[in-house]
Amino acid sequence: VQLQASGGGLVQAGGSLRLSCAASGSSFRSVAMGWYRQAPGKQRELVASITAISGSPNYADSVKGRFTISRDNAKNTVYLQMNSLKPEDTAVYYCNYRILVPSGAFDYWGQGTQVTVSS
């Protein structure tokens, strides 16, 4: 599976960005796609995810009400609309593509896109 992420950049606090991640080359349908982020010196954390069939979203408490995740199954693409950005949202954002295998879940990761929010 190849994951091509785009949309990161530099924005002032209070601004907006939209991340996109397109998946290709997979013969396995994902059960969920999502976004994680990792700030310097911190562990990677879930930002938001969305299930493939029901489209149910899940958000980290820190982004609820500000970020919206969506997906286009026909395009195998997931989006993250980020509004009211804060300096603490600064991180490298990674796209995640999760499939089910006999032993459980397996995750594919994109290359990461930098989001920098200036105060």
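Predicted, not measured: the structure shown is a model, and the values here were computed from it. (Residues numbered from 1 in each chain as written. Predicted model: local features only at pLDDT ≥ 70, side-chain atom pairs only at ≥ 80, totals over all residues. Heavy atoms only, no water.)

(A) Representation of the pairing of strand 4 (residues 32–38) in the model. Counting buried positions over the 7 residues of strand 4 gives 6, a clear majority of the element. In this structure, strand 4 lies alongside strand 5 (residues 45–51), joined through 6 bridges in antiparallel fashion. Bridging from a neighbouring strand, Met33 pairs with Ile50 of strand 5. Where strand 4 hands over to strand 5, the hairpin turn is made up of 6 residues, of which Gly41 adopts a positive phi near 80 degrees. Here strand 4 pairs with strand 9 (residues 91–101) via 7 bridges, running antiparallel. Of the residues in strand 9, the one forming a bridge with Arg37 is Tyr93. (Buried < 20%, exposed > 50% of the residue type's maximum accessible area, 1.4 Å probe, protein only. Helix = DSSP H or I, 4+ residues; strand = E, 2+ residues; numbered from the N terminus. Pairing = 2+ DSSP bridges.)

(B) Local environment of the packing of aromatic side chains. Using the criterion set out here, one finds 3 aromatic pairs in the structure. Geometrically, the ring pair formed by Tyr97 and Tyr108 is edge-to-face, given 6.3 Å between the ring centres and 65 degrees between the ring planes. Here Tyr97, found in strand 9, pairs with Tyr108, found in strand 10 (residues 104–109); they are 11 residues apart in sequence, far enough to count as distant. Accessibility expressed as a relative area gives 1% for Tyr97, which makes it buried. Residue class for Tyr108 comes out partly exposed when judged on its relative accessible area of 23%. Note on Phe106 and Tyr108: the rings are 5.0 Å apart at their centroids and 75 degrees apart in plane angle, and the pair reads as edge-to-face. (Phe/Tyr/Trp six-rings, centres within 6.5 Å; stacked < 30°, edge-to-face > 60°.)

(C) Representation of unusual backbone geometry. Phi is positive for Asn76, close to 55 degrees, though the residue is something other than glycine. You can see Asn76 is positioned in the loop between strand 7 (67–72) and strand 8 (77–82). Relative accessible area serves as the criterion here: at 21%, Asn76 is assigned to the partly exposed category. Here the phi dihedral of Ser84 falls at roughly 50 degrees; this positive angle occurs in a residue that is not glycine. With respect to the helices, strands and loops of the structure, Ser84 is situated in the loop between strand 8 and strand 9. Using a relative accessible area of 39% as the deciding quantity, one classes Ser84 as partly exposed.

(D) Main features of the nonpolar core. Residues Trp35, Leu80, Met82 and Tyr93 are the most contacted members of the largest nonpolar core, which totals 29 residues. At the level of secondary structure, the elements contributing two or more residues to this core comprise strand 1 (2–6), strand 3 (17–24), strand 4, strand 5, strand 7, strand 8, strand 9 and strand 11 (113–118). Excluding anything up to four places from it in sequence, Leu80 contacts Leu17, Arg18, Leu19, Trp35, Val47, Ala48, Phe67, Thr68, Ile69 and Tyr93. (Core = buried A, V, L, I, M, F, W, Y, C linked by side-chain atoms within 4.5 Å. Contact = heavy atoms within 4.5 Å.)

(E) Representation of the sheet that holds strand 1 in the model. Pairing is antiparallel in the open sheet, where 4 strands are placed in the order 1-3-8-7. Every other strand in the sheet has two partners, leaving strand 1 and strand 7 as the edge strands with one partner each. For this sheet the average axis-to-axis angle between neighbouring strands, irrespective of direction, equals 15 degrees. Across 6 bridges, the pairing between strand 3 and strand 8 is antiparallel. When the bridges of strand 8 are listed, Ala22 appears paired with Thr77. (Axes fitted to C-alpha atoms, helices over the stretch in contact; angles between N-to-C directions.)

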